[in-house]
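Chain residues, written in single-letter form:
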Amino acid sequence: MTLREGLLRVRAGEAAHPEAVDALTRLAADHGTPLYVYDAETIREKARALRAAFEPRFPRLGLRYALKANTNVEIVKRVLAEGLAPEVVSEGEVRAALRAGAAGRDVLFTSSSKSPSEIDFALRHDVLLNVDNLDELAQVSAAALRLGTTARISFRINPGVDPDTLHQINTGIPESKFGVHLDGGHARAAYALARALPALAITGVHCHIGSQITETAGYEKTARRMLAFVRELKEELGLTLSFVDLGGGLGIPFADGQAVMTPEDLARALKPIWDEEVELLGYEPELWIEPGRYLVAQAGLMVARVNSVKTTPVKTFVNVDAGFNTLMRPALYGAAHRVRIVGRDGEPMLLDVAGDVCETGDILAEGRLLPRPSAGDLVAFLDAGAYGFVMASEYNARPLPAEVLVDGDAVRVIRKRGTWEELHRSEPEVGPPL
Ligand code: LLP
């Protein structure tokens, strides 16, 4: 029995199986809770499924990993080792990509709000800057001139497409803060302006319509609009682009049996549109795709321990030693991560899994049918490998959780648990630590 087999059983809903119990009991005993546990093989499987879907159909292809989903260096290294390049949103993520061994010139930097120092840092490392607006364009141009370099740029375009996902992660609709609007000639004007600036080299075009997208329709519409725009740039401005980035956003199933678009579905849906538009265009740019969640979410679970179980006149609460400081998605988005009670297979009852943050909204799972656990039991939250640890905080003065990576039967601590000292690391000295 390997640890991985135990983790797979938890995922498959067999958390009472001895292999599942043994794996999580060992991990929790050795590393404490709350704990993020990642499975390296799942990351490799996802990256390979993505490649298998796109590579045969798109000979000119660039696959990227959106680091924001999980910036742990050991995770990033494993994704990059599968042949993906980094897509980042901040200087910190540029640094994370470089730490993982990426070359600066392979990094794509997209953000709607870049500071002057972030722009300088990116230019010094020859990072490809995905420009969000005209104010930023002027700043990038000035910085490149000042540094005596040429800035490689693309524009993030707002294609005005609604992929029908959660409002907070719906990014390509007209009212969104991201990118230059395609409609009204704004995007074309941006390229015309950039073309006239001597310190800039225009490379491609980018968009990202949202996250946790489960159907192909939004991408199809976006691909048509973006490729028509690329044609407009060629015909009107004489520009030839080297890539068209259709963003990330590939959703995953958050419930047992939920049907969700796969990379294969997406690649198959995009193929005829791409071929048709490329024919009209007269040249073939690279197709870029930059998922985050798809690659790492299912590789991770968050394990917490039950502190107490209480039944009020209204509900039964399972109080665990994690909260929205550890896994923010339920409180922030109403996200429903599947929950497995480890080692229990009693009659399911309606339970709320409550976090240890002192706020009413800190419910990690609401109204679930689960076997009743006891204090000391372990609870696993699935699909926590993306936007899990990276969104954690020290709120309520709780140190950050640890992260471990399971590779077969080898376990590696890839982030040590936070310490009491770290909670106050940047405050003035008040004497010896308690
Ligand atoms: N590219 C850009 C420009 C993005 O803004 C994002 C995500 C991605 C790629 C990757 O998207 P993905 O493939 O992971 O869906 N914290 C939220 C998700 C926010 C996504 C923001 N942008 C959550 O926990 O659901």
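Residues numbered from 1 in each chain as written. Predicted model: local features only at pLDDT ≥ 70, side-chain atom pairs only at ≥ 80, totals over all residues. Heavy atoms only, no water.

**Q** Help me out: how do you make sense of the pattern of salt bridges in this one?
**A** One pass over the structure, following the stated rule, counts 36 salt bridges. Across the salt bridge formed by Asp265 and Arg268, the nearest N and O atoms sit 3.8 Å from each other. Here the residue Asp265 and the residue Arg268 both occupy positions in helix α10 (residues 263-281), the gap between them amounting to 3 residues, near one helical turn. For Asp265, a relative accessible area of 28% gives the class partly exposed. You can call Arg268 partly exposed: its relative accessible area is 45%. A salt bridge links Arg338 to Asp383, with the nearest nitrogen and oxygen atoms 2.9 Å apart. Of the two residues, Arg338 sits in the loop between α12 (329-333) and β13 (339-341) while Asp383 sits in the loop between β16 (378-381) and β17 (402-407), which places them 45 residues apart along the sequence. By relative accessible area, which is 16% here, Arg338 ends up buried. (Salt bridge = Lys/Arg side-chain N within 4 Å of Asp/Glu carboxyl O. Helix = DSSP H or I, 4+ residues; strand = E, 2+ residues; numbered from the N terminus. Buried < 20%, exposed > 50% of the residue type's maximum accessible area, 1.4 Å probe, protein only.)

**Q** Honestly, the domain arrangement of the protein chain in this entry has me stumped. Any pointers?
**A** Many authors give the size of an interface as the accessible area that is lost as the parts come together. Its domain assignment divides the protein chain into domain 1 (3-39 + 297-417) and domain 2 (107-291). Taken residue by residue, the interface counts 10 residues in domain 1 and 8 residues in domain 2. The junction of domain 1 with domain 2 conceals about 780 Å² of combined surface from both sides, 52% of it contributed by carbon and sulfur atoms. The largest share of the area that domain 1 buries against domain 2 comes from Gln298, Tyr333 and Arg338, three residues that together contribute 54% of it. Applying the counting criterion to the domain 1 and domain 2 interface returns 2 salt bridges. Our count for the contact surface shared by domain 1 and domain 2 stands at 4 residue pairs in polar contact (both at pLDDT 80 or more). (Domains from an automatic or database assignment. Contact = heavy atoms within 4.5 Å. Buried area = accessible area lost by both parts, 1.4 Å probe. Polar contact = N/O pair within 3.5 Å; in protein donor to acceptor, adjacent residues only side chain to side chain.)

**Q** Help me out: how do you make sense of a negative patch on the surface in this one?
**A** Taken together, Asp162, Asp164, Glu175 and Glu215 make up a surface patch of like negative charges. One can find Glu175 in the loop between β6 (151-158) and β7 (180-181). What makes Glu175 exposed here is its relative accessible area of 61%. (Patch = residues over 30% accessible without salt bridge, like charges linked within 9 Å, V, L, I, M, F, W, Y side chains within 5 Å. Areas by Shrake-Rupley, 256 points an atom, 1.4 Å probe, with all protein chains shown as cover. Lys, Arg positive; Asp, Glu negative; His and termini not counted. Charge placed at Lys NZ, Arg CZ, Asp CG, Glu CD.)

**Q** When you look at the packing of aromatic side chains in this model, what are you seeing that I'm missing?
**A** Describing an aromatic ring pair means giving the distance of the ring centres and the angle of the ring planes. Using the criterion set out here, one finds 8 aromatic pairs in the structure. Taking 6.0 Å as the distance between ring centres and 85 degrees as the angle between the ring planes, the aromatic pair formed by Phe58 and Trp274 counts as edge-to-face. On the criterion of sequence distance, the pair formed by Phe58 in the loop between α3 (40-54) and β2 (61-66) and Trp274 in helix α10 is long-range, its members being 216 residues apart. Of the two residues, Phe58 and Trp274, both sit in the buried class. Ring pairs connect the aromatic residues Tyr36, Tyr38 and Phe389, which therefore count as one cluster. Sitting above the plane of the Trp288 ring, Arg64 keeps its charged end 4.2 Å from the centroid. We note Lys271 situated over the ring of Phe58; from NZ or CZ to the ring centre the distance is 5.7 Å. (Phe/Tyr/Trp six-rings, centres within 6.5 Å; stacked < 30°, edge-to-face > 60°. Lys NZ or Arg CZ within 6 Å of the ring centre and 35° of its normal.)

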